[in-house]
Amino acid sequence: MTDRTHLGDVPPDWLAASTSLAQATRELVEAVALSDADATVLDEARSEVAALTERLRATARPHALRPGPADLAALRAADAGSIVVRPTNPGAVPLEISVRADTAEATWTAGPVHEGPPGSLHGGTSASLLDSVLGTLVQVRGTPAVTGTLTVRYRRRVPLGVPLTVSAALGERDGRRLPVTGRIEAGGEVCVEAEALFVAVER
Ligand SMILES: CCCCCCCCCCCC(=O)SCCNC(=O)CCNC(=O)[C@H](O)C(C)(C)COP(=O)(O)OP(=O)(O)OC[C@H]1O[C@@H](n2cnc3c(N)ncnc32)[C@H](O)[C@@H]1OP(=O)(O)O
């Protein structure tokens, strides 16, 4: 076990292996959610998964790795660049977020694990995606901050299985208040709009 908590703290080959395991685990989650196998097969799978869980738990960290000050510094200094959030956390949506001036953008394709209404994305996942992209833009272009308010308007259903564009634009800072707007688009159509107010914090 180590106390390293930031993505930039770990060796590149370890990060690649962990990212790859996290992606394979997301695929396992989808396979479990969709499996129509016999109960006997499900029980065998449970035993195999439980054994693997035990093996990995023996070296658990207290927190999943996240971007840290060193990861942000280079991006802050540049006009444009990208940052990957949650690549090693299979319980989260991994995003590569491109930041240019006071805007940010990420692309992601939703699968059946994130279904809400039939064939469409769960509204909570839409809000979470927006919070991540808007929040990352604030951290890169502003300051450490948390979401004070996030207002989401669902204009049309967000389809599964097609690339979604999640974008954000930073407004004018007013004291500790940092307004940000965002949207989720599919096939050039706006599906979800968001307005958020982030509040600057010490850390
Ligand atoms: C890339 C790297 C990483 C990438 C990482 C990926 C990024 C993910 C980002 C995810 C972000 C999250 O989900 S964060 C998690 C969800 N959010 C939270 O848990 C926040 C919980 N709430 C709090 O901690 C607190 O309530 C605060 C910090 C928001 C405010 O408390 P405070 O510090 O005491 O400040 P306070 O004096 O009350 O308010 C300061 C000013 O902001 C205003 N204000 C405060 N709250 C609100 C509000 N909800 N809506 C409107 N305005 C508000 C006040 O009127 C005041 O204005 P004035 O009087 O000065 O004019």
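Residues numbered from 1 in each chain as written. Predicted model: local features only at pLDDT ≥ 70, side-chain atom pairs only at ≥ 80, totals over all residues. Heavy atoms only, no water.

If you check an unreviewed UniProt entry, the chain appears there as Acyl-coenzyme A thioesterase THEM4 from Nocardioides perillae. In its Sequence similarities (unreviewed entry) section, UniProt records this for the chain: "Belongs to the THEM4/THEM5 thioesterase family." (UniProt positions renumbered as here; feature names shortened; annotations may be inferred.)

(A) Fine view of the nonpolar core. Membership of the largest hydrophobic core comes to 36 residues, with the highest contact counts inside it found for L95 and I97. Elements supplying a minimum of two residues to this core: α3 (69-77), β1 (80-85), β2 (95-100), β3 (103-109), α4 (123-141), β5 (163-170), β6 (177-186) and β7 (189-200). If we ignore the near neighbours within four places in the chain, the residues touching L95 are I83, V84, V85, A106, T107, W108, L129, S132 and V133. (Core = buried A, V, L, I, M, F, W, Y, C linked by side-chain atoms within 4.5 Å. Buried < 20%, exposed > 50% of the residue type's maximum accessible area, 1.4 Å probe, protein only. Helix = DSSP H or I, 4+ residues; strand = E, 2+ residues; numbered from the N terminus. Contact = heavy atoms within 4.5 Å.)

(B) Up close: the environment of E189. Tracing the backbone through its elements, the reader meets E189 in strand β7. Overall, the relative accessible area of 42% leaves E189 in the partly exposed class. A C-alpha to C-alpha distance of 9.7 Å links E189 and V158, two positions 31 residues apart in sequence. Each residue touching E189, except ones within four places of it in the same chain, is listed here: R156 and I184.

(C) Quick peek at the environment of G68. Among the secondary structure elements, G68 is positioned in the loop between α2 (39-57) and α3. Spatially, the C-alpha atom of G68 lies 23 Å from that of A127, the residues being 59 residues apart in sequence.

(D) Region of interest: the site of the ligand. Near the ligand, the surroundings consist of 17 residues, among which D131, G148, T149, R176 and R177 are the closest. The separation between a nitrogen atom of the ligand and a polar main-chain atom of T147 is 3.0 Å. For the ligand, a nitrogen atom lies 2.8 Å from a polar atom in the backbone of G148. If the ligand stood free it would expose 1200 Å²; the protein chains cover 50% of that surface. At the level of elements, α4, β4 (145-154) and β7 are the ones that each hand at least two residues to the shell around the ligand. Ranked by the residues each element gives to the shell around the ligand, the list is headed by α4, at 5 residues. The residue makeup of the shell around the ligand, split by class, is 7 nonpolar, 7 polar and 3 charged. (Near = heavy atom within 4 Å. Polar contact = N/O pair within 3.5 Å; in protein donor to acceptor, adjacent residues only side chain to side chain. Areas by Shrake-Rupley, 256 points an atom, 1.4 Å probe, with all protein chains shown as cover. Nonpolar A, V, L, I, M, F, W, Y, C, P; charged D, E, K, R; others polar.)

(E) Structural view of the domain arrangement of the chain. When cut into domains, the chain gives domain 1 (7-57) and domain 2 (69-200). The centre of domain 1, based on its C-alpha atoms, is set 26 Å off from the matching centre of domain 2. Counting from both sides, the interface comprises 12 residues of domain 1 and, opposite them, 12 residues of domain 2. If you sort the residues of domain 1 by the area they bury against domain 2, L7, R26 and E30 come out on top, with a joint share of 51%. Counting across the domain 1 and domain 2 interface gives 0 salt bridges. Where domain 1 packs against domain 2, one counts 5 residue pairs in polar contact (both at pLDDT 80 or more). When its residues are assigned to classes, the side of domain 1 that touches domain 2 shows 6 nonpolar, 4 polar and 2 charged. (Domains from an automatic or database assignment. Buried area = accessible area lost by both parts, 1.4 Å probe. Salt bridge = Lys/Arg side-chain N within 4 Å of Asp/Glu carboxyl O.)

(F) Broad picture of the pattern of salt bridges. By the definition in use, this model includes 5 salt bridges. Salt-bridge contacts for E54 lead to R57; the nearest nitrogen and oxygen are separated by 3.9 Å. Of this pair, E54 and R57 both sit in helix α2, 3 residues apart, which is roughly one turn of the helix. R57 matches E54 in its accessibility class, with the two residues each being exposed. Among the salt bridges present, the one from D174 reaches R177, with a minimum N-O distance of 3.3 Å. Owing to a relative accessible area of 45%, D174 belongs among the partly exposed residues under this scheme.

(G) Inspection of the side chain of T125 at higher detail. Here T125 shows up in helix α4. In this structure T125 touches W108 and H114, once residues within four positions along its chain are discounted.

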